[in-house]
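Tertiary structure, described
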Amino acid sequence: YKEPDTAGFLYPIDKPSLYLDYIGTDGDYKGIGTELVRKLVQKSKELGYEGRVRLIPCTGSIPRDFRFPGFYEKCTKSSAAIQYKKMGFKAYDQEIDKQLEQELAAGGKGFIYKNGKIARDKFTNPMYLPEEMIQRYL
């Protein structure tokens with residue numbers, strides 16, 4: 001995590017919160033990402049940020065030092081934003097958040113395809129963990 005004053009892309013409405021920079025799990029494991037977010041929410045609470053966590057999802061943008069086997073395979077299955085939406089995060093942009101909900105309900109991957117290959121993740125947009133989800137993680 002990063003302290004709030006060092007995190008980029010702050011919105012004027014933001015209250016101090018932890019900024020999640022990178023998270024990734026091996027494709028064979030289930031539930032580890034959720035547990036990592038739970039720990040971040042708890043750490044945020046300990047630091048006086050009331051459990052607030054925010055991030056900018058970006059599929060596959062992990063620095064080389066943090067890459068491990070299974071990571072890229074997982075990145076081709078679903079966008080990072082879709083995964084964070086499943087964990088309860090919301091996009092600051094309400095229209096993007098509505099599109100994320102629709103994509104998730106339709107079983108989509110959240111990618112824009114070009115010539116049969118992934119061109120980009122269409123939901124890279126700042127996200128936050130809403131109060132009701134903070135309470136679930138605590």
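Refer to the structure presented above.
Residues numbered from 1 in each chain as written. Predicted model: local features only at pLDDT ≥ 70, side-chain atom pairs only at ≥ 80, totals over all residues. Heavy atoms only, no water.

1. So, the overall build of the chain
Within the chain, the regular secondary structure consists of 5 helices and 6 strands. Among the 138 residues that make up the chain, the fraction classed as buried is 38%. Of the contacts made within the chain by residues no fewer than 6 positions apart, 68% connect residues no fewer than 24 positions apart. As presented, the chain carries roughly 8,500 Å² of accessible surface, and 51% of it is formed by carbon and sulfur atoms. (Helix = DSSP H or I, 4+ residues; strand = E, 2+ residues; numbered from the N terminus. Buried < 20%, exposed > 50% of the residue type's maximum accessible area, 1.4 Å probe, protein only. Contact = heavy atoms within 4.5 Å. Areas by Shrake-Rupley, 256 points an atom, 1.4 Å probe, with all protein chains shown as cover.)

2. Examining the sheet that holds strand β6 (residues 127-128)
As a general point, the strands of a sheet are linked pairwise by backbone hydrogen bonds and lie either parallel or antiparallel. Judged by pairing direction, the sheet is mixed, and its 4 strands sit side by side in the order β1-β2-β6-β3 without closing on themselves. Each edge of the sheet is formed by a strand with only one pairing partner; in this case those strands are β1 (18-20) and β3 (90-91). Bridge count between β1 and strand β2 (residues 53-55): 3 bridges; the pairing is parallel. Among the inter-strand pairings, Tyr19 is bridged to a residue of β2, identified as Arg54. (Pairing = 2+ DSSP bridges.)

3. Some remarks on unusual backbone geometry
In this structure, Glu50 takes a positive phi of about 60° despite not being glycine. Topologically, Glu50 is positioned in the loop between α1 (32-46) and β2. Judged by relative accessible area, Glu50 falls into the partly exposed class, the value being 49%.

4. So, the nonpolar core
Within soluble globular proteins, side chains that are nonpolar tend to cluster in buried spots. Counting 23 residues, the largest nonpolar core has Tyr84, Phe89, Met127 and Leu129 as the members making the most contacts within it. With 4 residues, helix α3 (residues 80-86) is the single largest residue contributor to this core. (Core = buried A, V, L, I, M, F, W, Y, C linked by side-chain atoms within 4.5 Å.)

5. Quick word on the side chain of Lys85
Secondary-structure assignment places Lys85 in helix α3. Given a relative accessible area of 12%, Lys85 falls into the buried group. A polar side-chain atom of Lys85 sits 2.9 Å from a polar atom in the side chain of Asp97. Engagement of the side chain of Lys85 in a polar contact is seen with the side chain of Glu101, the distance being 3.4 Å. In contact with Lys85, not counting residues within four places along its chain, are Lys90, Asp97, Leu100, Glu101, Leu104 and Met127. (Polar contact = N/O pair within 3.5 Å; in protein donor to acceptor, adjacent residues only side chain to side chain.)

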